[in-house]
2 protein chains.
Amino acid sequence: MSEELKMPFLDRCSALAQRIEAPVIDGLMREALSRPGILSLGAGFTDNALLPVEEVAEVIAELNQSQISREHLQYGTNQGRLGLRSAIAQWMRHYPNEEAVVSADQIVITNGSQQGLYLNVQFLCNPGDIVLVEAPSYFIFLEMLRGMGVHAVSLPQDDAGEIDYEAFAEMVAQWKARGEIQRVKLIYLVSYFANPSTRCWSFESKQMLGDFLNEAQLPWPVVEDAAYRDLSFERDYPVPSLLSVESFQGRPVLYAGTFTKPYATGIKVGYLISSTQEWITGLLRIKAHHDFGTANLNQAIIERVLESGRYAKHLERIRRVYAAKLRELQDCLVESGLKDLGWDWMPPEGGLLLWVRGPHDLDTGLDSVFCKKCLEHDVLYVPGDICFAEGNPRHFVRLSVGLLSGESLKEAVKRFTKAAQEAAIHY
Amino acid sequence: MSEELKMPFLDRCSALAQRIEAPVIDGLMREALSRPGILSLGAGFTDNALLPVEEVAEVIAELNQSQISREHLQYGTNQGRLGLRSAIAQWMRHYPNEEAVVSADQIVITNGSQQGLYLNVQFLCNPGDIVLVEAPSYFIFLEMLRGMGVHAVSLPQDDAGEIDYEAFAEMVAQWKARGEIQRVKLIYLVSYFANPSTRCWSFESKQMLGDFLNEAQLPWPVVEDAAYRDLSFERDYPVPSLLSVESFQGRPVLYAGTFTKPYATGIKVGYLISSTQEWITGLLRIKAHHDFGTANLNQAIIERVLESGRYAKHLERIRRVYAAKLRELQDCLVESGLKDLGWDWMPPEGGLLLWVRGPHDLDTGLDSVFCKKCLEHDVLYVPGDICFAEGNPRHFVRLSVGLLSGESLKEAVKRFTKAAQEAAIHY
């Protein structure tokens, strides 16, 4: 056998196969599974009690009655059901100040928003390219970029999340000087109740970013991830998407939405919207190879849920519950004395996450003393460092109220604070 | 603005984006949509009348009752439900002569078998690599390879589909001589009622391929696509998968199955099985980035359909119907006089396709006179040339009985034969 053919299996596989690593929280999850009494403030699951199981059964019964062609169990199209895309276009019009008129042919249905993000990086980036992200950003997206050999670089931002345009201009100047500017392929923003920061972009901040890019003559496309937009506690957040912001007109913008988190995590229907036809066409060509369309049943369910007004009603209900649970989490944290240990946070106005800043010297990373203490006390969180492209700062944690409530939430907070107390001795 | 930044949007996108083309039958489909009276013998759809719409509603009601945790609408795991994977492992044991014992941890659940094939090419191949395919092979797979920049090369086969091992050895010798042998990454076989040839691989043919690869010391992994295996007309086809063939023991083999075609095309649940742990691990890492797991609802439905014995019962029913429809198609073709025009075929023993050989001089390609005649007469088929890696021979067509039956099937055949008569004048 020639030498090449004697290589181990993995060495004969693709560059992607050799580059891609296990998910960063794999070890933590394995550890968690070995401890049956563990309480998770980490998992991004939604609340089981809020899952619309009876409603979905009802919807399917209605589909069976109304669809004499039985087509909801047949193949659909690659782009997705016209009825669903029309209903999404309609849904977009209900947001306050959303002036852009979206049509069904500008929409692609995906397997959750995750597939949308993946297709999009495949469409835009070669290995070695650069994507600009927020600090912090969605850690699954950062992990995906690493797997695809793409470099994430943080936008220079202040503590409130506002971009430091002087520093940004300096970054751009350096890329130009090094002849690397063409490696930058995309800006990725999470703009409503962001995972993990829970921050929303203001209208002025959006407008300003567009103005800067235009003035600096930077043609970069922008992806706006709006996964948590529908989980606003009070009313719909008043800031429109980039599709409606004047300074982004003429620039390729892709809006990523989903029904996974706000309706049912087990149904996994997401969507992409763009006014740039080449972008839609290109994404569709890649999606045709992935799966030639998201499962038609799932689309038909969401289509009917939207059209029948059930989606809006479902949101009313879950918004109240998540708001209450997040208040409860914060009350528990205060009562447990976490703030006295130097921890703090901004109260979120939507979503199901809390982004908590620990004492400046604390390391919350996977290998840290604090993380080990939490595991000892059977409580899980998401370490903040994995949410930063550069891996720092390291003193944040992301907590979630998806899984726990009532006594178990109280108990989890007690354990978390105990670990924080014990870890405080070490720094 | 620098010159690079003035480039059109698409020119700034990835190599993949610039390479990938519209699906080859896009033009045909668009043409079809503009003709409301058209009858399709082309579409790979299943029969609407056979879709288990009442049963799926029943299954969901049962899930709602039995799953007190409501977890079927919650996120699942990346690899897929343990219950479904166990049920698939159990299902594998029911096939005759299938001696390999598959365990749940060797199985990955995918969005139909299409995603499985895509993940697998991502895992094994870089652009420029070579995949060996049958002649003919599944045209969607060939198209996917082109999009990914991978070259498909046909195995040398005789008219019955048996491999010509002398010619194969010669191909291998040439790759070695040119230093290109390491570009060959995979052999892809469609082994049961293949799309499009409807051929099944015999036990001896499988054993012989393994022997050849072993003797030639070729370490190539093999993907066995068994998408139509459960659509056997009589009883389960007696030949086991490569997982159970002795000459493939020790070689990386990936088996791709699906419930899309045999149960419901709108649910899209497929699966991959491999005894090579690195292969499973690698596929899972890529799938985590695609979507972190197939929609849990779809998996829960199929799990219950399998466990409750409904799947086996469903197969009994649809096998009878497809067998009858394919007999009807063949009867109509004979009655219409197609054989007198020099056309012929092998009667299939499973599936829903008929692979028909036209007169040797006929061209059935998308731009051919024959194809135009068929469109004029409002009837569609899949041109055979797109099913060959090298684009020839060009005198085959793939017909399907998925969509049509009774009078519409008769009418479609009448139109097809009329086109064949008119095209016969041109050669």
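Because the structure is a prediction, the values reported are computed rather than measured.

## Regarding the relation of the copies chain B and chain A
The transform that puts chain B on chain A rotates by 180 degrees and translates by 0.0 Å along the axis, for an RMSD of 0.0 Å. The relationship between the two copies is best expressed as a two-fold rotation axis. Closest to the rotation axis within chain B is the C-alpha of Ala 57 of chain B, separated from it by 3.4 Å. Most of the interface of chain B is mirrored in chain A: 100% of its interface residues are interface residues there too.

## So, the side chain of Ser 241 of chain A
Its location among the elements puts Ser 241 of chain A in the loop between strand S6 (222–225) and strand S7 (253–258). With residues near it in sequence (within four places) discarded, Ser 241 of chain A still touches Met 92, Glu 98, Tyr 192, Lys 206, Glu 224, Arg 229 and Tyr 255 of chain A.

## A word on the packing of aromatic side chains
Using the criterion set out here, one finds 50 aromatic pairs over all chains in the structure. Plain terms: the ring middles of Trp 355 of chain A and Phe 388 of chain A are 6.1 Å apart, the flat faces sit at 45 degrees to each other, and that makes the pair tilted. Here the residue Trp 355 of chain A occupies a position in strand S10 (residues 353–357), and Phe 388 of chain A occupies one in the loop between strand S12 (382–383) and strand S13 (396–400), the gap between them amounting to 33 residues. Grouping residues by exposure puts Trp 355 of chain A and Phe 388 of chain A together as buried. Relative to Tyr 381 of chain B, the ring of Phe 370 of chain B lies with its centre 5.3 Å away and its plane at 45 degrees, an arrangement referred to as tilted. Note that Phe 370 of chain B is positioned in helix H12 (residues 369–376) and Tyr 381 of chain B in the loop between strand S11 (379–380) and strand S12 (382–383), a separation of eleven residues in sequence. Just as Phe 370 of chain B is buried, Tyr 381 of chain B falls in that class too. Three or more aromatic residues joined by ring pairs make a cluster, and in this case those are Trp 91, Tyr 95, Tyr 255, Phe 259, Tyr 263, Tyr 271 and Tyr 311 of chain A. Against the face of Tyr 95 of chain A rests Arg 229 of chain A, its NZ or CZ located 3.6 Å from the ring centre. Positioned above the aromatic ring of Trp 201 of chain B is the side chain of Arg 199 of chain B, whose terminal nitrogen or guanidinium carbon lies 5.0 Å from the ring centre.

## Overview of the side chain of Asn 111 of chain A
For Asn 111 of chain A, the location among the structural elements is in the loop between strand S2 (107–110) and helix H5 (112–124). Of the polar contacts made by the side chain of Asn 111 of chain A, one reaches the side chain of Asp 291 of chain A; its length is 2.7 Å. There is a polar contact of 2.7 Å between the side chain of Asn 111 of chain A and the side chain of Thr 294 of chain A. When residues no more than four places from it in sequence are discounted, the contact partners of Asn 111 of chain A are Lys 268, Lys 287, Asp 291 and Thr 294 of chain A together with Asn 111 and Asp 291 of chain B.

## A look at unusual backbone geometry
Geometrically, the link from Ala 135 of chain A to Pro 136 of chain A is a cis peptide bond, its omega value of 5 degrees lying close to zero. For Pro 136 of chain A, the location among the structural elements is in the loop between strand S3 (130–133) and helix H6 (139–147). At Asp 378 of chain A, a residue that is not glycine, the phi angle is positive and equals roughly 60 degrees. Its place among the elements puts Asp 378 of chain A in the loop between helix H12 (369–376) and strand S11 (379–380). Its identity is not glycine, yet Phe 292 of chain B carries a phi of approximately 45 degrees, on the positive side.

## Quick word on the pattern of salt bridges
Enumeration over the complete set of coordinates arrives at 49 salt bridges over all chains. One salt bridge connects Glu 162 of chain A with Arg 199 of chain A, and the closest N-O pair in it is separated by 3.3 Å. With Glu 162 of chain A in the loop between strand S4 (151–154) and helix H7 (165–177) and Arg 199 of chain A in the loop between strand S5 (184–190) and helix H8 (203–215), this residue pair connects regions lying 37 residues apart in the sequence. Its salt-bridge partner being Lys 287 of chain B, residue Asp 291 of chain B comes within 3.0 Å of it at the nearest N-O pair.

## Observations regarding the interface of chain B and chain A
Of the residues lining the interface, 78 residues belong to chain B; the matching set on chain A comes to 78 residues. The contact between chain B and chain A buries some 7200 Å² in all, and 62% of this surface belongs to carbon and sulfur atoms. At the boundary of chain B and chain A, one finds two salt bridges. Arg 70 of chain B serves as the salt-bridge partner of Glu 54 of chain A, at 3.2 Å between the closest nitrogen and oxygen. Of all the secondary-structure elements, those providing two or more residues to the side of chain B that touches chain A are helix H1 (15–19), helix H3 (53–66), helix H5 (112–124), helix H6 (139–147), helix H9 (277–290) and helix H10 (296–307) of chain B. Per-class residue counts for the side of chain B that touches chain A are 40 nonpolar, 25 polar and 13 charged.

## What to know about the packing of helix H3 (residues 53–66) of chain A against helix H10 (residues 296–307) of chain A
Residues and elements named next belong to chain A. Relative to each other, H3 and H10 sit at 100 degrees, their axes nearing to 10 Å. Here H10 runs roughly perpendicular to H3, going by the angle between their axes. Residues Glu 55, Val 56, Val 59, Ile 60, Glu 62, Leu 63 and Ser 66 of H3 lie in contact with H10, whose contacting residues are Leu 297, Ala 300, Ile 301, Arg 304 and Val 305. When the residues that make up the contact of H3 with H10 are grouped by side-chain class, the tally is eight nonpolar, one polar and three charged.

## Re the state of the cysteines
In this structure the tally under the stated criterion is zero disulfides over all chains. For the unlinked cysteine Cys 371 of chain A, the closest cysteine sulfur is that of Cys 374 of chain A, found at 6.6 Å. Taking the relative accessible area as the measure of exposure, Cys 371 of chain A reaches 2% and is therefore buried. Cys 374 of chain B supplies the cysteine sulfur nearest to Cys 332 of chain B, a cysteine that is in no disulfide, at a spacing of 16 Å. Owing to a relative accessible area of 8%, Cys 332 of chain B belongs among the buried residues under this scheme.

## Considering the sheet that holds S12 of chain A
Residues and elements named next belong to chain A. What the four strands build is an open sheet, ordered S9-S10-S13-S12; its pairing is antiparallel. Bordering the open sheet on either side are strand S9 (344–345) and S12, each of which pairs with just one other strand. Bridge count between S10 and S13: five bridges; the pairing is antiparallel. From the neighbouring strand, Trp 355 faces S13, where its bridge partner is Arg 398.

## Here's the deal with H12 of chain B
Phe 370, Cys 371, Lys 373, Cys 374 and Leu 375 of chain B are the residues of H12 of chain B that are buried. Of the residues one or two after H12 of chain B, Asp 378 of chain B is the one with positive phi, at around 60 degrees.

## A few points about a negative patch on the surface
A cluster of acidic residues, Asp 158, Asp 159, Asp 164 and Glu 166 of chain A, forms a negative patch on the protein surface. Mapping Asp 164 of chain A onto the fold places it in the loop between S4 and H7.

## Some remarks on the packing of helix H9 (residues 277–290) of chain A against H5 of chain B
Here H9 of chain A crosses H5 of chain B at 100 degrees, and the two axes come no closer than 7 Å. Here H9 of chain A is positioned roughly perpendicular relative to H5 of chain B, judged by the angle of their axes. Contact residues: Ile 286, Ala 288, His 289 and His 290 of chain A in H9 of chain A; Gln 114, Gln 115 and Tyr 118 of chain B in H5 of chain B. In terms of residue class, the contact of H9 of chain A with H5 of chain B is built from three nonpolar, four polar and no charged.

## Focus on the sheet that holds S2 of chain A
Residues and elements named next belong to chain A. Taken in spatial order, the seven strands line up as S2-S8-S7-S6-S5-S3-S4 in an open sheet, and their pairing is mixed. Edge strands, defined here as strands with exactly one partner in the open sheet, are S2 and S4. Averaged over all pairs of adjacent strands, the angle between strand axes in this sheet comes to 25 degrees, irrespective of strand direction. Across four bridges, the pairing between S3 and S4 is parallel. If you follow Val 133 over to S4, its bridge partner there is Ser 154. Contacts between H7 and the sheet are confined to S3, S4 and S5, with S3 contributing the most and set at about 175 degrees to the helix.

## Some remarks on the environment of Gly 365 of chain B
Residues and elements named next belong to chain B. Structurally, Gly 365 is set in the loop between strand S10 (353–357) and H12. Residue classification places Gly 365 among the buried positions, given a relative accessible area of 0%. Along the chain, Gly 365 and Leu 28 lie 337 residues apart, while their C-alpha atoms are 11 Å from each other. The contacts of Gly 365, once residues within four sequence positions are left out, are Cys 371, Tyr 381, Pro 383, Asp 385 and Arg 394.

Conventions and cut-offs
Residues numbered from 1 in each chain as written. Chains lettered and ligands numbered in written order. Predicted model: local features only at pLDDT ≥ 70, side-chain atom pairs only at ≥ 80, totals over all residues. Heavy atoms only, no water. Least-squares fit on C-alpha atoms with pLDDT ≥ 70 in both. Contact = heavy atoms within 4.5 Å. Helix = DSSP H or I, 4+ residues; strand = E, 2+ residues; numbered from the N terminus. Phe/Tyr/Trp six-rings, centres within 6.5 Å; stacked < 30°, edge-to-face > 60°. Buried < 20%, exposed > 50% of the residue type's maximum accessible area, 1.4 Å probe, protein only. Lys NZ or Arg CZ within 6 Å of the ring centre and 35° of its normal. Polar contact = N/O pair within 3.5 Å; in protein donor to acceptor, adjacent residues only side chain to side chain. Salt bridge = Lys/Arg side-chain N within 4 Å of Asp/Glu carboxyl O. Buried area = accessible area lost by both parts, 1.4 Å probe. Nonpolar A, V, L, I, M, F, W, Y, C, P; charged D, E, K, R; others polar. Axes fitted to C-alpha atoms, helices over the stretch in contact; angles between N-to-C directions. Parallel < 35°, antiparallel > 145°, perpendicular 65-115°, else oblique. Disulfide = S-S within 2.5 Å. Pairing = 2+ DSSP bridges. Patch = residues over 30% accessible without salt bridge, like charges linked within 9 Å, V, L, I, M, F, W, Y side chains within 5 Å. Areas by Shrake-Rupley, 256 points an atom, 1.4 Å probe, with all protein chains shown as cover. Lys, Arg positive; Asp, Glu negative; His and termini not counted. Charge placed at Lys NZ, Arg CZ, Asp CG, Glu CD.

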